[in-house]
Amino acid sequence: MRYLPLTEADRQSMLEAIRATSVEDLFRDVPKAACLAGPIGGLPNHMGELEVERLLGSMAAKNVPAGSVPSFLGAGAYRHHVPATVDHLVQRGEFLTAYTPYQPEVSQGTLQVLFEFQTQVALLTGMDVANASMYDGATSCAEAVMMASRVTRRKKAILSGGLHPHYRDVTTTDARFIGFEAVALPAAPTGGEDLLALVDDKTSCVVVQNPDVFGHVRDYTDLAAACQAKGALLIVVVTEALSLGLLTPPGDMGADIVAAEGQSFGNALNFGGPYVGLFAVKDKYVRQMPGRLCGETVDADGRRGFVLTLSTREQHIRREKATSNICTNSGLCALAFSIHVSLLGEAGITQLAQLNHAKAVQMADKLAAVPGVEVLNDGFFNEFTVKLPKPAAAVVEELAKRRILGGVPVSRLYPGEMEDLLLVAVTETNTDADMDAFAAALSEVLA
Amino acid sequence: MSMNNQGRPSAIPAGAASFDGVTGTVTGNRGLQIEEPLIFEQDSAGRTGVDLPELPKVASRLGAVKPRAKVGLPGLAEPQVVRHYTRLSQKNYAIDSGFYPLGSCTMKHNPRLNEKMARLPGFSDVHPMQPVSTVQGALELMDQLAYWLKTLTGMAAVTLAPAAGAHGEMCGIMAIRSAHEAKGDSGRTKILVPESAHGTNPATAAACGYSVDAIPATADGRVDLEALKAKLGPDVAGLMLTNPNTCGLFERDIIEIAEAVHAAGGYFYCDGANFNAIVGRVRPADLGIDVMHINLHKTFSTPHGGGGPGSGPVVFAESLAPYIPVPYVTHGKDGFALVENAGEGPAFGRMKAFHGQMGMFVRALSYMLSHGADGLWQASGDAVLNANYVMARLEDVMTASFDGPCMHECLFDDRFLKGTGVTTLDMAKALIDEGFHPMTMYFPLVVHGALLIEPTETESKASLDQFVDALRALAERAKSGDVAYFQAAPRLTPRRRLDETAAARKPVLRWTPPVPAEALAAE
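Residues numbered from 1 in each chain as written. Chains lettered and ligands numbered in written order. Predicted model: local features only at pLDDT ≥ 70, side-chain atom pairs only at ≥ 80, totals over all residues.

> Give me the lowdown on the pairing of strand 9 (residues 304-308) of chain A, citing residues and values where you can.
Residues and elements named next belong to chain A. Of all five residues making up strand 9, five are buried, and the element is well covered by its neighbours. Residues R304, F306 and L308 line one face of strand 9 and the alternating positions G305 and V307 line the opposite face, and both faces are buried. With five bridges connecting them, strand 8 (residues 294-298) and strand 9 associate as antiparallel partners. When the sheet's bridge partners are listed, V298 is paired in strand 9 with R304. (Buried ≥ 20, exposed ≤ 12 C-beta atoms within 10 Å, placed from the backbone. Helix = DSSP H or I, 4+ residues; strand = E, 2+ residues; numbered from the N terminus. Pairing = 2+ DSSP bridges.)

What follows is the structure, encoded as structure tokens:
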């Protein structure tokens, strides 16, 4: 077995050193009835690399990679071009095969990356500080709502109908078990919610998403001020982090907490995970934050260095009194995010965000020209909603037969609802030919 | 010299003419150990590491939102970015570079085949919301992984949704609460957790609305069965127990423990963090366990990546099988199907966006297929053999906390350091100078000054011998009274001991632009 260095001779001499008769003898504390006599049944024996590659390769071949066809899917996961440098650096063994930086003297690489990541997230969101990442955007959102309860000592969260339904469901699931109330408003495909009317003296927070799940972009400055006047926090969720390269950031609108999905930078689609949750707050809430934090300090020689800090909030110290049970971050995904953002820099991120927006505007116009299709958004970033004269799920299946991945039917996110709506996302990876092919195929399918 | 907001040097002084007091070099570098400023300290306005096409000429359509003025990110070209991260990587210890016996964390070799498989475009370049007809291979992979996990544990059902071990714990405890609620039993407010448990266990139970009651350990490092029985009653929702436990010991009474918990109407949650010790040899279902999470990044060697991403599937016995979260894969009439909405069944809700950590599923299945039933049998055997060998070779110079045999890790405490002035922490730092990553320190909490060593099955005997020889020599040195040597360690690392107290007292959690020298002078 290629991963196991011990030889039979090694095993024998080690058993002698231990004074055990056999390896099985070392398992003598296991109740006899539960000890298998030999390798478990129902599973194959070991395979060489070539055999594993063939087997997994055959499964991979049954999927249609988004990059092999014109693809316009978004709804919280976006296909962007990831520079070759990112994956090369992420696969350096010193990053890939290190553990959590518990011994800072031999983990300055990971720690400095986290410090830079926290800074990048703070800059992008326009917030004071960010943590070292969460599992994904949806869990980040749920943690933000729990944090708002700790800060305000109130138990009612109000979730906008523009919040991604997966984010809503993760938050309401947590609410049910953890013991707070999450009032989720009905889906709002064309906006028009009066969130403020629902805020009372029991409200811990209002959660909005920008751009929202239907692609609408809004200015939440007034809502932030109004929430805060009533003692509630404003949480802004962002599922397309690239939008932060172009739009007024949530921090500038007055958000108290930003919970975002960072997949757009550096991370492949991966059928939904692993991704990287971003979490940023105003300075005054730092000690109520969940998750891991990296901070600057000095070493015994007075040199600048980095350590994990404020761990008295965390489970390994506080146990049942911790701010969260979270134990990991999304280390490698955060690294990929950070490298991609570093490559882009100020100039690149602005250009890339503008490019995405401009292409989306072009696509919206092309689709609006298809008979029977209506674009619902006035303002959007790189994703918008169209209304079709036929059920979107069936249209998408027809498009898939023509080898076009034509967006996400809204009914997939809201079963049985809004069956004529389709979410369309456009990124720098979509060519003019892709966009023309999509519009032409949609005309055909709707004809 | 530019200064950051703390007044510390924020960059290596370019063109410094004097020799550094610490390193004796002009640059502060030491051969292959090269100092690296923050990326923000390498900015040149307008520079970028990507080339993008020209913008199409269209009017923007941002509605009421204004474009932002600036983000504040630094500009670097690609070669600078490559060098930055390469240099940073060289400041990390990693399994690829050496022995990493971090107890309870399972730092075993990460096969590169798994990385290659996860990057096949058929897995990595698939959108989670593609029509199900275009992702049949992805669903087949999830179904296969579920089959392996169920077979290896003997359990009835599995959810792949949780993103990490602690997330899996949440999922398991939510399922337990759902099951009690479904029976109309609302009087169960307590979860029992042994004192030796991982911190996540009590944190999880508390997060799910339970109070936590600690169970003491016996003198041989195991759950005190009588104390447990005394605490069981109609107010107990369940027990959370790690097995093998965090002292590296198998809970001999586990079947009786399970029976007692069941007799009191509770459920038995097993923290599967240490499943790697028994995988392929013992099926948790045969021990009476009702629900258990599995850390794919431990037992099935998906990379730890400096702290994630993890993946924490949870297996369930028949009694809890209905209470799993969405989504899950089913066998439909046209191949595999996905159940994505909780409204469609008794599922308790949703744990994260989309379908789980797919990239980790591919790696874990690649690991399982590579090992097979025979390889996993050998892997858990070698893991236990290695730990017992290390324990046997250190017993005479260090103090083992409990009698063996141990399972995949061996626990020592600091009695052997008594009177030397050397602490567990000092010992760990001295090991760093010897080229090893230290063992886990000060965990579990049930012994004083714990040193928990987990060698894993992917270490050779030569590697174990070198580690043991170094540790023996250090133990002798500590006993000889050379406390100053230990307190000054590590000496040979990119940074020496860091001031963690200062970091927590006045937290600096991000870089901020330097204050210009004129402004400082004006203050």
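> A description of the interface of chain B and chain A should follow, citing residues and the corresponding values.
Bring the parts together and some accessible area is lost; that lost area is often taken as the interface size. Facing the 178 residues of chain B at the interface are 172 residues of chain A. If you tally residues by element for the side of chain B that touches chain A, the top one is helix 10 (residues 358-394) of chain B, at 23 residues. (Contact = placed C-beta atoms within 7 Å.)

> Hey, could you go over the sheet that holds strand 4 (residues 236-242) of chain B for me, with residue numbers and the actual values?
Residues and elements named next belong to chain B. In space, the seven strands of this open sheet follow the order 1-7-6-5-4-2-3, with mixed pairing throughout. On the outer flanks of this sheet lie strand 1 (157-159) and strand 3 (211-215), each paired with one strand and no other. Across the sheet, the mean angle from the axis of one strand to that of its neighbour is 20°, orientation sign disregarded. Here strand 4 runs beside strand 5 (residues 267-271); their pairing, made up of five bridges, is parallel. Bridging across to strand 5, G238 finds its partner in Y267. The strands that helix 5 (residues 165-182) touches are strand 1, strand 4, strand 5, strand 6 (291-293) and strand 7 (314-316); relative to strand 6, the one it contacts most, it runs at about 165°. (Axes fitted to C-alpha atoms, helices over the stretch in contact; angles between N-to-C directions.)

> Please provide a residue-by-residue account of the environment of A:T139, values included.
Along the chain, A:T139 turns up in helix 6 (residues 137-152). A:T139 sits 32 residues away from A:T171 along the chain, and the two C-alpha atoms are 7.6 Å apart.

> Run through the nonpolar core, naming residues and quoting values.
One finds A:V145, A:V206, A:V207, A:L234, A:I235, B:A175 and B:V291 to be the most contacted residues of the largest nonpolar core, which totals 320 residues. If you tally residues by element for this core, the top one is helix 10 of chain B, at 22 residues. Ignoring sequence-local partners within four residues, the contact set of A:V206 consists of A:I158, A:L195, A:V199, A:L223, A:C227, A:A232 and A:L234. (Core = buried A, V, L, I, M, F, W, Y, C linked by C-beta atoms within 7 Å.)

> Describe in detail the packing of helix 5 of chain B against helix 6 (residues 200-207) of chain B, supporting the description with residues and values.
All names here are of chain B. Close contact between helix 5 and helix 6 brings their axes to 9 Å; oriented N to C, the two are set at 45°. By the angle class used here, helix 5 and helix 6 are oblique. Here the hand of the crossing between helix 5 and helix 6 comes out right-handed. Residue-level inspection shows G165, A166, E169, M170 and I173 of helix 5 in contact with helix 6, the latter providing T200, N201, T204, A205 and A207. Residues of the contact of helix 5 with helix 6, tallied by class, amount to five nonpolar, four polar and one charged. (Parallel < 35°, antiparallel > 145°, perpendicular 65-115°, else oblique. Left-handed = near helix turned anticlockwise from the far one by under 90°. Nonpolar A, V, L, I, M, F, W, Y, C, P; charged D, E, K, R; others polar.)

> Which residues make up the domain arrangement of chain A, and what values go with them?
All names here are of chain A. Each assigned domain of chain A is listed with its residue range as follows: domain 1 (66-81 + 346-446) and domain 2 (84-340). Between the C-alpha centres of domain 1 and domain 2 there is a distance of 27 Å. On the domain 2 side, the residues contacting the 30 residues of domain 1 number 25 residues. At the level of secondary structure, the elements contributing two or more residues to the side of domain 1 that touches domain 2 comprise helix 11 (331-368), strand 11 (383-387) and strand 13 (421-425). Residue contributions to the side of domain 1 that touches domain 2 peak at seven residues, all from helix 11. Of the residues belonging to the side of domain 1 that touches domain 2, the class tally is 16 nonpolar, 11 polar and three charged. (Domains from an automatic or database assignment.)

> Help me get a handle on the environment of A:T429, residues and values and all.
All names here are of chain A. Residue position: T429 is located in the loop between strand 13 and helix 14 (432-446). With 16 C-beta atoms counted inside 10 Å, the residue T429 sits in the partly exposed group. In this structure, the C-alpha to C-alpha distance between T429 and A33, residues 396 residues apart in sequence, is 58 Å. Excluding residues within four positions of it along the chain, T429 makes contact with R79, H80 and H81.

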